[in-house]
Structures are given as C-alpha cells and as structure tokens.
Amino acid sequence: VVSTLGCSLIRFDERQQPLPAHYHGQIDPVELEAWAAQVSHTRIRQQCVGCTTHSASTNDPCPFFLTIPDSPNIARVHCLELTRGSRTFGILSIFLSAKGELTVKQQSLLQAIAQDISLALESHHLRSRELEMLSHLQQATHLNTLRSNLADVLSHTVAALEVNGGVLFVTGEETAELQMQ
C-alpha cells in the first residue's frame, strides 16, 4: 500500500465540460481545487492525450506540473482517464509525496479500478439515456392517444349530427377549451 497525499475525481458532462471536482486527502483544499481546475482544463487535457505513463513528478515535462504553481506537498501525480470507447467520463488523479512511488502492480490495480469506475459511469449514463427516451416515448404515446381520441370524438360527432364533415380546434392549454365547427 502506498501512502497518498490525496486524490481528486473530475467527471465530465455530455459536452465534455468538467463538473465540480471531488477531492479528498491531507492536502490543503485550496491546493487540491487548483490541481482539479488545472487537470480539467481543455488545453492541459489535449496535451495529456499522448501521455503513456500517466504518472509524473515535478522534474518531468508534464503539462500538469509545468502550469501549476510549485506545491510544497505534491511531488508526483498519477492520472487515470475514466474512458469507455471514445467517451471520457472523467479523470482520477492520485497525489503522492516525494517518498510515494507506485509499483507496476499498484499501477495495474489502479488501472483496473479506473476501468471498473468507467464501466459504472457508462452504465449510469446509458440508464439515464434509457429513462430519458422512455419518458419521451410515454409523452409521444400520450399525444398519439390524445390525437386518436379527439379524432374519434370528431368522427362520432359528425356521424351523430349527420353532417358531411367537421373541424375540431383545441386552443389555449391553460383554458382547455375545445371548439367544434
């Protein structure tokens, strides 16, 4: 087990805009907030696309470290993109002191955890979309039923009055008035 200074989780919305960061640890919350703002910045994320190590120290040419003011506490950061397919759901960052170093096994474990988190976030996203579509379908069904019922009312009214045709106007939702001609 590695002693971490803290971690942050930044999720992205449907338009890939960062949501408020969640962070925890021994680091000053102001410092963690600065790190979270930096890692979620579009320019930094674009520079991080080619990163293969996902881990850097203050001496590395990491865009993360180059743009953040020197931190008295954080010497290393390990970043894990939470992705599924082509969708990025967020970034999980682990902050380490100068003594903190992740082994290959620990990095593999963190990667597995990140994949599980990504799967959970994707499942949540898909379920939300499913519920949204179900709501739209229910609204469409209600509208179709209303149209069908109004057509039946008009048809039966025309037949009962023994006329050649009729028009049904629905006006003002707030007054719920029906006009028949």
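Quantities reported herein were computed from a predicted structural model and do not represent experimental measurements.

Definitions and limits used
Residues numbered from 1 in each chain as written. Predicted model: local features only at pLDDT ≥ 70, side-chain atom pairs only at ≥ 80, totals over all residues. Heavy atoms only, no water. Helix = DSSP H or I, 4+ residues; strand = E, 2+ residues; numbered from the N terminus. Buried < 20%, exposed > 50% of the residue type's maximum accessible area, 1.4 Å probe, protein only. Contact = heavy atoms within 4.5 Å. Pairing = 2+ DSSP bridges. Core = buried A, V, L, I, M, F, W, Y, C linked by side-chain atoms within 4.5 Å. Expected span 1.5 Å × (residues − 1). Salt bridge = Lys/Arg side-chain N within 4 Å of Asp/Glu carboxyl O.

## Notes on the overall build of the protein chain
Here is step 1 of the chain: Of the regular secondary structure elements, the protein chain holds four helices and seven strands.
Here is step 2 of the chain: Its helices and strands taken in sequence order, the protein chain reads β-β-α-α-β-α-β-β-α-β-β from the N to the C terminus.
Here is step 3 of the chain: Out of the 181 residues in the protein chain, the part that is buried amounts to 30%.
Here is step 4 of the chain: For the protein chain, the proportion of contacts with a sequence separation of at least 24, taken over those separated by at least 6, is 48%.

## Structural notes on the environment of E101
Here is step 1 of the chain: Inspection of the secondary structure puts E101 in the loop between β5 (87-96) and α4 (104-161).
Here is step 2 of the chain: The partly exposed category is assigned to E101, whose relative accessible area is 48%.
Here is step 3 of the chain: Along the primary structure E101 and H78 are separated by 23 residues, whereas in three dimensions their C-alpha atoms are 9.6 Å apart.

## Here's the deal with the pairing of β5
Here is step 1 of the chain: With respect to burial, β5 is a largely interior element, ten of its ten residues being buried.
Here is step 2 of the chain: Pairing of strand β4 (residues 76-84) with β5, which is carried by nine bridges, proceeds in the antiparallel orientation. By the bridge assignment for β5, R76 is matched with L96.
Here is step 3 of the chain: Linkage of β4 to β5, two consecutive antiparallel strands, is achieved through a turn of two residues, within which G85 is found at a positive phi near 65°.

## Re unusual backbone geometry
Here is step 1 of the chain: With a phi close to 65°, Q16 is a non-glycine residue in the positive phi region.
Here is step 2 of the chain: Looking at where Q16 falls in the secondary structure, it is placed in the loop between β1 (4-11) and β2 (22-25).

## Some words on the nonpolar core
Here is step 1 of the chain: Core analysis: the biggest nonpolar cluster contains ten residues, these being L80, L82, F89, L92, I94, L96, L102, L110, A114 and L121.
Here is step 2 of the chain: Where this core is concerned, the elements lending two or more residues are β4, β5 and α4.
Here is step 3 of the chain: In terms of residue count, the dominant contributor to this core is β5 (four residues).
Here is step 4 of the chain: The residues contacting L92, other than those within four sequence positions of it, are S8, L9, H78, C79, L80, L82 and I117.
Here is step 5 of the chain: Residues L5, W35, I74 and C79 belong to the second largest nonpolar core, which totals eight residues.

## Examining helix α1 (residues 29-40)
Here is step 1 of the chain: Relative to the 16 Å expected for twelve residues at 1.5 Å per residue, α1 spans 16 Å between its end C-alpha atoms, a close match to the ideal helical length.
Here is step 2 of the chain: Here α1 has its buried residues at E31, L32, W35, A36, Q38, V39 and S40.

## Description of the pattern of salt bridges
Here is step 1 of the chain: Applying the stated criterion to the full structure yields four salt bridges.
Here is step 2 of the chain: The salt bridge partner of E101 is R76, with a shortest N-O separation of 3.6 Å. One end of the pair, E101, is in the loop between β5 and α4; the other, R76, is in strand β4, with 25 residues separating them in the sequence.
Here is step 3 of the chain: Overall, the relative accessible area of 14% leaves R76 in the buried class.
Here is step 4 of the chain: A salt bridge links R127 to E130, with the nearest nitrogen and oxygen atoms 3.0 Å apart. With R127 and E130 both in helix α4, this residue pair falls three residues apart, about one helical turn.

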